[in-house]
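The primary structure of each chain is shown beneath.
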Amino acid sequence: MALEVQREGKHVFVGRNERGADVRLGRKGQEGVFSPAELLQIAAAGCAAVTAEELITRRVGEDSKFRVGVTADRREDAWELDAVHVAFDVDVAALDADQREALAGAVDRAIERLCTVSRTLKKGIPVTESFPTA
């Protein structure tokens, strides 16, 4: 199976992986679901969070909580996003200015080097579809 998306009802789908996780998706504005464009943004923020987690917890504290917000630029009536903006919200008050600067640089470098989602979005890749014809 790997990954799949299955229709559950009008404008409601469920994405699943082999490990038993699922996510509800559908059209923008539909209650209780993420839109595909929202999932793309969540993927970028999630990848950044997962990539930076150890760098942050090592310097700020093992039990530190942090948030990664994400927004996107989209022209009115456009069917694509023009940019995705990921922003970390981390309490770095215990760090001095040099430590904060060093941590920010380390996080940026790690995401640039290791975050599959951000790297793929920046690169731009072909997407193919197939549909049964027989």
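Presented here is a report on the structure given in the accompanying data block.

The rules behind the values
- Residues numbered from 1 in each chain as written.
- Predicted model: local features only at pLDDT ≥ 70, side-chain atom pairs only at ≥ 80, totals over all residues.
- Heavy atoms only, no water.
- Core = buried A, V, L, I, M, F, W, Y, C linked by side-chain atoms within 4.5 Å.
- Buried < 20%, exposed > 50% of the residue type's maximum accessible area, 1.4 Å probe, protein only.
- Helix = DSSP H or I, 4+ residues; strand = E, 2+ residues; numbered from the N terminus.
- Contact = heavy atoms within 4.5 Å.
- Disulfide = S-S within 2.5 Å.
- Axes fitted to C-alpha atoms, helices over the stretch in contact; angles between N-to-C directions.
- Parallel < 35°, antiparallel > 145°, perpendicular 65-115°, else oblique.
- Left-handed = near helix turned anticlockwise from the far one by under 90°.
- Nonpolar A, V, L, I, M, F, W, Y, C, P; charged D, E, K, R; others polar.
- Phe/Tyr/Trp six-rings, centres within 6.5 Å; stacked < 30°, edge-to-face > 60°.
- Expected span 1.5 Å × (residues − 1).
- Bend = angle between axes of the 7 residues up to and from the residue.

1. A word on the nonpolar core
Line of reasoning, step 1. In terms of nonpolar packing, the biggest core is built from 13 residues, with A52, L55, I56, L103, V107, I111 and C115 touching the most fellow members.
Line of reasoning, step 2. Breaking this core down by element, the ones donating at least two residues are helix 1 (36-60) and helix 2 (97-114).
Line of reasoning, step 3. The residues contacting L55, other than those within four sequence positions of it, are L103, A106, V107 and A110.

2. Considering the state of the cysteines
Line of reasoning, step 1. Tallying each qualifying case throughout the model produces one disulfide.
Line of reasoning, step 2. At a sulfur-sulfur separation of 2.3 Å, the disulfide partner of C47 is C115. Residue C47 is found in helix 1, and its partner C115 is found in the loop between helix 2 and helix 3 (116-123); the two are separated by 68 residues along the sequence.
Line of reasoning, step 3. The exposure class assigned to C47 is buried, which follows from its relative accessible area of 15%.
Line of reasoning, step 4. With a relative accessible area of 0%, C115 lands in the buried category.

3. A look at the packing of helix 2 against helix 3
Angle between the axes and distance between the axes: these two values describe a pair of packed helices.
Line of reasoning, step 1. Taken N-terminus to C-terminus, the directions of helix 2 and helix 3 make an angle of 70 degrees; their axes are 6 Å apart at the nearest point. With respect to their mutual orientation, helix 2 and helix 3 come out roughly perpendicular. Handedness of the helix 2/helix 3 crossing: right-handed. Along the contact surface, helix 2 presents I111, E112, R113 and L114, while helix 3 presents T116, S118, R119 and K122.
Line of reasoning, step 2. Of the residues in the contact of helix 2 with helix 3, the class split is two nonpolar, two polar and four charged.

4. Structural notes on the packing of aromatic side chains
Line of reasoning, step 1. The final tally for this structure, using the stated rule, is one aromatic pair.
Line of reasoning, step 2. Note on F66 and F88: the rings are 6.2 Å apart at their centroids and 35 degrees apart in plane angle, and the pair reads as tilted. Taken together, the residues span a long stretch of sequence, with F66 in strand 4 (residues 66-73) and F88 in strand 5 (residues 83-90) at a distance of 22 residues.

5. So, the packing of helix 1 against helix 3
Line of reasoning, step 1. Two numbers describe how helix 1 lies on helix 3: the axes approach to 7 Å, and their chain directions differ by 125 degrees. It follows from the interaxial angle that helix 1 and helix 3 lie oblique. Contacts between helix 1 and helix 3 pair L40, A43, A44 and C47 from the former with T116, V117, S118 and L121 from the latter.
Line of reasoning, step 2. Partitioned by chemical class, the residues of the contact of helix 1 with helix 3 number six nonpolar, two polar and no charged.

6. Re unusual backbone geometry
Among all residues except glycine, the phi angle is most often negative; among peptide bonds, the trans geometry is most common.
Line of reasoning, step 1. Phi at H11 is positive, roughly 60 degrees, even though this residue is not glycine.
Line of reasoning, step 2. Mapping H11 onto the fold places it in the loop between strand 1 (3-9) and strand 2 (12-17).
Line of reasoning, step 3. We classify H11 as partly exposed; its relative accessible area is 22%.
Line of reasoning, step 4. Unlike most non-glycine residues, D77 shows phi in positive territory, near 65 degrees.
Line of reasoning, step 5. Its place among the elements puts D77 in the loop between strand 4 and strand 5.

7. Some remarks on helix 1
Line of reasoning, step 1. Under the 1.5 Å per step criterion, the end-to-end length of helix 1 is 33 Å for 25 residues, consistent within 8% with the ideal 36 Å.
Line of reasoning, step 2. Of all the bends in helix 1, the greatest, near 50 degrees, is centred on A52.
Line of reasoning, step 3. For helix 1, the full list of buried residues reads Q41, A44, A45, C47, A48, A49, T51, A52, L55, I56 and T57.
Line of reasoning, step 4. Positive backbone phi, approximately 140 degrees, marks G61, located one or two places after helix 1.

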